[in-house]
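Here's the letter readout for the chains.
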Amino acid sequence: MTRTPQIARAAKLPHLAAFVAIAGLGLAGCDDHAGDPKMQIGANPVMPALQQYLMPPMRIAKAVGWGTDTTPTVPQGLQIRALASGFAHPRSLYVLPNGDVLVVESNGPKAPIYRPKDIITGWVQGFAGAKAKDANRITLLRDTNGDGIPEVRTVFLDHLNSPFGIALVGNDLYVANTDAIIRYPYQAGQTSITAAGTKLTDLPGGPIDHHWTKSLLASPDGSKLYVGVGSNSNITENGIGAEYERAAIWEVDRASGAHRIFASGVRNPTGLAWEPETGKLWAVANERDEIGPDLVPDYLTSVRDGGFYGWPYSYYGQHLDPRVEPQRPDLVATAIAPDYALSSHVAPLGVVMYTGTALPENYRSGAFVSEHGSWNRTPLNGYKVVFVPFSGGKPSGPAQDVVTGFLDMDNHARGRPVGLAVDRTGGLLIADDVGNTVWRVSSSLPPGSTPKPGT
Amino acid sequence: MQQHTRITKASFIGAAELKSAAMPRGQPLHKLLVAFSAAYFTGAFVTDLVYWQMPDVVWERFSIWLITAGLAIAGLAVVVYVIELAGIRRIDAPVWPRVVGYSLAVLLSLINAFVHSRDGYTAVVPSGLMLSATVILVLFATAWVDRAFANRLVLEHKI
């Protein structure tokens, strides 16, 4: 699995084996089995020793889409329906105060080719449906009568540049393009914005722009914007200079556009949310690849002001990554281990803290996390939306599967969950960038009743 | 053994051709290509050494492209060699030291290409650098053995 046929055949030659031994290669064995992801959920994930590969494992789920009448599956007590479909790679969602749903249809800019590997990677991503054309727009959905079927669907904003995050403060609507935060004037009830935007601040963009999504969250008082800025590489293979002010959560002053690094060492902070009980900032983040099927677990964590979370030098505190040179023992010493592991390569791309009352009681305190799904791990991991229960402002138990069925029997991807949002009536919305659909999860029980235990 | 058979046969065809074994008039094209790929692999060793001393990604990128180019030319050399074998009319020193040595160098370079496709420092140090060095050693050893065989052939036939 992890070697090319040529190499597997060649390895049988004894003289080659001798040379390989001389070269001090740590050859990845074919018996490269991944462990149970359950061992890597929670505060203390079990982490094996890291290994390096000749041929990093690739295990992608071929994108097939949803047939007619197929939907993701939800546990008893919940129901799921498509709110709308026919989107072009919907990545994130935002619910406006009047209940209108904004769907960000977006994809990353074209990746430059620096090494032969980049050609292969681009080809593999095409299989997984990650190379869809960048629509660069935001579509508005309005469900006036609350029947779950939007009556209005308009292009809200067009000609953007790989947008991802949205935040509304008063009448200022902020869109985080991949290279800048743009402010637009917004009046309640508006179904499209034609006014030209004003740039609040530049963000680290091209030419490499390895992790292009910029998540966005306004502070409760509206004075600051928090921006998740992903790293420009897997593990600094584009040079440390390309990582300037990346792998960080920025705090941008809304009045002046000035920014500071609120937290650093977070490889790719793809989703931000306020924890309602403590008011603390939380984030989901995607960790590094190519050191094993069970390394490094992606995570959900509270974000401390000034905190350093390890990337690129270390992970989960002081676990050193030998791929970074020169090392920084001074920084590693200060590295904070994240609060809650979600297991390896699940690729969390969305998080919402649920504060509504419309879903059954067991979902009323905690975080929904969408796991876009792995591409370099066997068996596949993620491809679902999970719920992490919170109590006292902290995760209080194992993550529960909430929305599954994104993979079919043959491990082909019908869809992949990305952005999450809670709509005006308390339903959970899920953007699906392979199924090109926005799903809506709601309670299937009459109000006031509780689901049977053990579901 | 095969080669000796062929040499004998060829000797019957025309003893005058013997001279070209010692001082070939025109190099076959595959030898030129082999020399090209060897130069690429040597270049990769040099850029690996530089990266080792000064880990700037540009040197690692040089290395992987040089190795890739070397492998591409090696592939071409194999194709040309097969074509030239089909039309062989000349007497030559035994080819197996060259074939075995060069194949080993190419195989190691293929592994090296995968190692160099890793992300970060360990794409080069230590495995990639050691592989690049081993490839150079194998190529030198091959050239040396090949020369020794060629000299012996010349001595045998000069009598």
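Calculation criteria
Residues numbered from 1 in each chain as written. Chains lettered and ligands numbered in written order. Predicted model: local features only at pLDDT ≥ 70, side-chain atom pairs only at ≥ 80, totals over all residues. Helix = DSSP H or I, 4+ residues; strand = E, 2+ residues; numbered from the N terminus. Buried ≥ 20, exposed ≤ 12 C-beta atoms within 10 Å, placed from the backbone. Contact = placed C-beta atoms within 7 Å. Pairing = 2+ DSSP bridges. Axes fitted to C-alpha atoms, helices over the stretch in contact; angles between N-to-C directions. Nonpolar A, V, L, I, M, F, W, Y, C, P; charged D, E, K, R; others polar. pLDDT = per-residue confidence, 0-100. Left-handed = near helix turned anticlockwise from the far one by under 90°.

### Focus on the overall build of chain A
And then number 1: When helices and strands are counted, chain A shows 4 helices and 28 strands.
And then number 2: In terms of overall dimensions, chain A has a C-alpha envelope of 75 × 50 × 40 Å along the principal axes.
And then number 3: Within chain A, buried positions represent 48% of all 455 residues.
And then number 4: Relative to all contacts within chain A whose residues are 6 or more apart in sequence, the contacts with residues 24 or more apart total 62%.

### Structural notes on the overall build of chain B
And then number 1: The helix and strand tally for chain B stands at 6 helices and 0 strands.
And then number 2: In chain B, the succession of helices and strands from N to C terminus is α-α-α-α-α-α.
And then number 3: The buried share among the 159 residues of chain B stands at 35%.
And then number 4: In chain B, the share of contacts with a sequence separation of at least 24, taken over all contacts with a separation of at least 6, comes to 79%.

### Some remarks on the pairing of strand β26 (residues 417–422) of chain A
All names here are of chain A.
And then number 1: Among the 6 residues in β26, 6 count as buried, and that is most of the element.
And then number 2: Two elements, β26 and strand β27 (residues 428–432), share 4 bridges in a ladder whose sense is antiparallel. Within the sheet, the bridge partner assigned to alanine 421 lies in β27 and is leucine 429.

### With respect to the sheet that holds strand β13 (residues 248–253) of chain A
Hydrogen bonding along the main chain pairs the strands of a sheet, whether they run parallel or antiparallel.
Residue and element names in this part refer to chain A.
And then number 1: Spatially, β11-β12-β13-β14 is the arrangement adopted by the 4 strands of the open sheet, whose pairing is antiparallel. Strands at the two margins of the open sheet, each flanked by one partner only, are β11 (214–218) and β14 (259–264). Strand after strand, the sheet turns through a mean of 25° between neighbouring axes, direction not considered.
And then number 2: Note: β11 against strand β12 (residues 224–229), 5 bridges, orientation antiparallel. Each residue of the ladder has a partner; that of alanine 218, found in β12, is leucine 225.

### Quick notes on the interface of chain B and chain A
And then number 1: Contacts between the two partners involve 23 residues from chain B and, on the opposite side, 28 residues from chain A.
And then number 2: Where the side of chain B that touches chain A is concerned, the elements lending two or more residues are α4 (57–86), α5 (96–116) and α6 (127–158) of chain B.
And then number 3: Broken down by element, the residue count for the side of chain B that touches chain A peaks at 6 residues, all from α5 of chain B.
And then number 4: Of the residues in the side of chain B that touches chain A, the class split is 13 nonpolar, 6 polar and 4 charged.

### Some details on the sheet that holds strand β6 (residues 152–157) of chain A
Residue and element names in this part refer to chain A.
And then number 1: The strand order across the open sheet formed by 4 strands is β3-β4-β5-β6, and the pairing between neighbours is antiparallel. Looking at which strands have only one partner, the edges of the open sheet turn out to be β3 (90–95) and β6. Each neighbouring strand pair of the sheet contributes to a mean axis angle of 25°, computed without reference to strand direction.
And then number 2: Where strand β5 (residues 137–142) lies against β6, 5 bridges are found, and the strand directions are antiparallel. Pairing of leucine 140 across the sheet is with threonine 154, part of β6.

### Observations regarding the confidence of the model for chain B
Keep in mind that low pLDDT regions are not for reading the predicted coordinates in detail.
Residue and element names in this part refer to chain B.
And then number 1: On average, residues of chain B score 83 in pLDDT, and 78% of them are at 70 or above.
And then number 2: Within chain B, the lowest mean pLDDT, 41, falls on helix α2 (residues 18–22), and the highest, 96, falls on helix α3 (residues 29–53).
And then number 3: For the stretch residues 1–24, pLDDT sits under 50, and the model shows 19 contacts to residues farther than four places along the chain or on other chains.
And then number 4: Scoring the predicted complex yields pTM 0.88 and, for the interface, ipTM 0.85.

### A short note on unusual backbone geometry
All names here are of chain A.
And then number 1: With an omega of 5°, the peptide bond between glycine 206 and proline 207 qualifies as cis.
And then number 2: If you trace the backbone, proline 207 turns up in the loop between β10 (198–202) and β11.
And then number 3: Following threonine 378, the chain continues into proline 379 via a peptide bond in cis, with omega recorded as -5°.
And then number 4: Among the secondary structure elements, proline 379 is positioned in the loop between β22 (366–371) and β23 (384–391).
And then number 5: Positive phi is not limited to glycine here, since asparagine 411 has a value of about 60°.
And then number 6: With respect to the helices and strands, asparagine 411 occurs in the loop between β25 (400–403) and β26.

### A closer look at the confidence of the model for chain A
And then number 1: In this model, chain A carries an average pLDDT of 90, and 91% of its residues clear a pLDDT of 70 or more.
And then number 2: This stretch, residues 1–31 of chain A, has a pLDDT under 50; its non-local contacts, to residues over four places away or in other chains, come to 42 contacts.

### Remarks on the packing of α4 of chain B against α5 of chain B
Residue and element names in this part refer to chain B.
And then number 1: At a minimum axis distance of 10 Å, the contact between α4 and α5 shows a crossing angle of 145°. Once α4 is placed against α5, the crossing between them reads as left-handed. The segment α4 lies against α5, with Glu60, Ser63, Ile64, Ile67, Thr68, Gly70, Leu71 and Ala74 engaging Val106, Ser109, Leu110, Asn112, Ala113 and His116.
And then number 2: Grouping the amino acids of the contact of α4 with α5 by side-chain chemistry returns 7 nonpolar, 6 polar and 1 charged.

### With respect to the environment of histidine 345 of chain A
All names here are of chain A.
And then number 1: Mapped onto the fold, histidine 345 is located in the loop between β20 (340–344) and β21 (348–354).
And then number 2: C-alpha of histidine 345 to C-alpha of leucine 225: the two residues are 120 residues apart in sequence and 28 Å apart in space.
And then number 3: When residues no more than four places from it in sequence are discounted, the contact partners of histidine 345 are Ser374, Asn376, Arg377, Asn381 and Gly382.

### Some details on the environment of proline 446 of chain A
Residue and element names in this part refer to chain A.
And then number 1: Locating proline 446 in the fold gives a position in the segment after β28 (437–443).
And then number 2: On the basis of neighbour count, proline 446 is assigned to the exposed category, with 6 C-beta atoms found within 10 Å.
And then number 3: For the pair formed by proline 446 and glycine 77, sequence separation is 369 residues and the distance between their alpha carbons is 9.5 Å.

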